[in-house]
Amino acid sequence: MPELPEVEVVRRGLAQWVTGREIASAEVLHPRAIRRHVPGADEFTARLKGREVLSAERRGKYLWLRLSGAEEALMAHLGMSGQLLVVDQDSPLEKHLRVRVRFEDGGPDLRFVDQRTFGHVMVTPLVGGVPEPISHIAPDPFEAVFDEAEFARRLRARHTEIKRALLDQSLISGVGNIYADEALWMARLHWARPTHTLTRPKIDELLGAVRTVMASALRAGGTSFDSLYVNVNGESGYFERSLEVYGRRDLPCSRCGTPIRREPFMNRSSYSCPRCQRRPR
DNA sequence: CGCGGATCCTGCCTGC
DNA sequence: TGCAGGCAGGATCCGC
């Protein structure tokens, strides 16, 4: 479940191992991996051949490699189980290898491996430095262009629950189920709290919690609990041990000792402390 | 038009 | 042991 910190770990790995290298060839091993690349697999591989990787960039959970020549990028979304691995070209092909990129220098491949196939990759134009398909995505809270007043205004204009809003990438990007639960616990907010009832100071507190939790996860190299999320070298992060509520049903809240509850939410789970995070009436 | 629910997909885990 | 069902969930699509 890669969210912003996990994707940032991957981006850093790609910046280190892939930038400055020229793509020799690309191979699509599963068509679903490029389903958002409308012109299809042959066009995808043709667009990549001979291009140099100029930089690795990210907004929210999306990352992309800027390419030489036309203003285009190889963009990736990891979905639930996607991995971008930098592995020796001679290493055995992974069971769930979807796209393989080889380089002119004969160095390690870039491989997109994705068990559950929710992730995807595509070649896309850059518009103002951002991939065209994600122009509707809001900046993430670590970007300089993230506007707190604008976020607060748009949040309060919504008629929905706070957790739904946090997961809405057009309002704030990079937050997924794990860090939404963690930030809400830190800010002592119940997930069902109506957005229009939040005060500006409370919104700022929540935003601070989102940043604190994500920055902490990034320092730990990301979160992993089923080994599906790994950095480009296949290594897992250590943030799981720092989680306060996510996945901790019936375990004591570290603030008050009350057992953490799990509730169904949007066809998945929401974890919270029944005492610290009172359900709105 | 805004909101909320269904859907996609595979492997692991649990319970019968 | 084997099998069925639950669970994980980001983004997109669709209906109200």
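Residue indices follow the written sequence of each chain, beginning from 1 at its first position. Here every chain gets a letter starting at A, and every ligand a number starting at 1, in the order they are written. Side-chain atom pairs in this predicted model are given and counted only at pLDDT of 80 or more, local residue features only at pLDDT of at least 70, and totals for whole chains, interfaces and linings cover all residues. As a rule here, side-chain values come from all non-hydrogen atoms in the structure, and water together with hydrogens is ignored.

Under the annotation held in an unreviewed UniProt entry, chain A carries the name Formamidopyrimidine-DNA glycosylase and is attributed to Nonomuraea helvata. UniProt positions are given in the numbering used here, feature names are shortened, and annotations may be inferred rather than shown by experiment. In its Sequence similarities (unreviewed entry) section, the UniProt entry covering chain A states "Belongs to the FPG family." What UniProt records for chain A under Subunit (unreviewed entry) is the sentence "Monomer."

**A look at the domain arrangement of chain A**
One frequent convention defines the size of an interface as the accessible area lost when the parts assemble. Splitting chain A by domain gives domain 1 (4-134) and domain 2 (148-272). A domain assignment, automatic or from a database, supplies the domain bounds used here. Domain 1 and domain 2 are separated by 28 Å when their C-alpha centres are compared.

**Details of the layout of surface pockets**
Lining residues are those with an atom within 4 Å of a point, where the points come from a 1 Å grid over the protein atoms alone and group into cavities, where a 1.4 Å probe fits but cannot get out, or pockets, open sets with protein on both sides within 12 Å along at least five of seven lines. Grid points are joined across faces, edges and corners, and a volume is the space filled by probe spheres set on the points. In this structure, the largest pocket occupies an estimated 700 Å³ of space. Lining the largest pocket are 22 residues, with K61, G79, M80, N177 and R268 positioned closest to its centre. Each residue gets one of three labels, nonpolar for Ala, Val, Leu, Ile, Met, Phe, Trp, Tyr, Cys and Pro, charged for Asp, Glu, Lys and Arg, and polar for the others, Gly among them. Residue classes in the lining of the largest pocket are distributed as ten nonpolar, nine polar and three charged.

**Quick word on helix α6 (residues 200-219)**
Side chains that are three or four residues apart share a direction in an α-helix, a result of its 3.6 residues per turn. Spanning 20 residues, α6 covers 29 Å between terminal C-alpha atoms, matching the ideal 28 Å at 1.5 Å per step. Within the span of α6, buried status applies to I203, L206, L207, A209, V210, V213, M214 and A217. Axial view of α6: buried residues confined to an arc of 155 degrees, hence all on one face. Seen from the open side of α6, the exposed residues pointing more than 90 degrees away from its buried face are P201 and R219. G221 occupies a position one or two residues after α6 and carries a positive phi of about 85 degrees. Think of it this way: any DSSP run of H or I at least four residues long counts as a helix, any run of E at least two long counts as a strand, and we number them from the N terminus. Multiplying 1.5 Å by the helix residue count minus one yields the expected span of that helix. Exposure is judged per residue with a 1.4 Å probe applied to protein chains only, and the accessible area is read against the type maximum: over 50% gives exposed, under 20% gives buried, and values in between give partly exposed. Directions from the helix axis toward the C-beta atoms define the arc.

**Concerning the UniProt feature "active site" (unreviewed entry) in chain A**
Per the UniProt record, "active site" (unreviewed entry) is annotated on P2, E3, K61 and R268. Among the annotated residues just listed, those that line the largest pocket are P2, E3, K61 and R268. Along the chain, P2 turns up in the segment before α1 (4-17). The class of P2 is buried, set by a relative accessible area of 6%.

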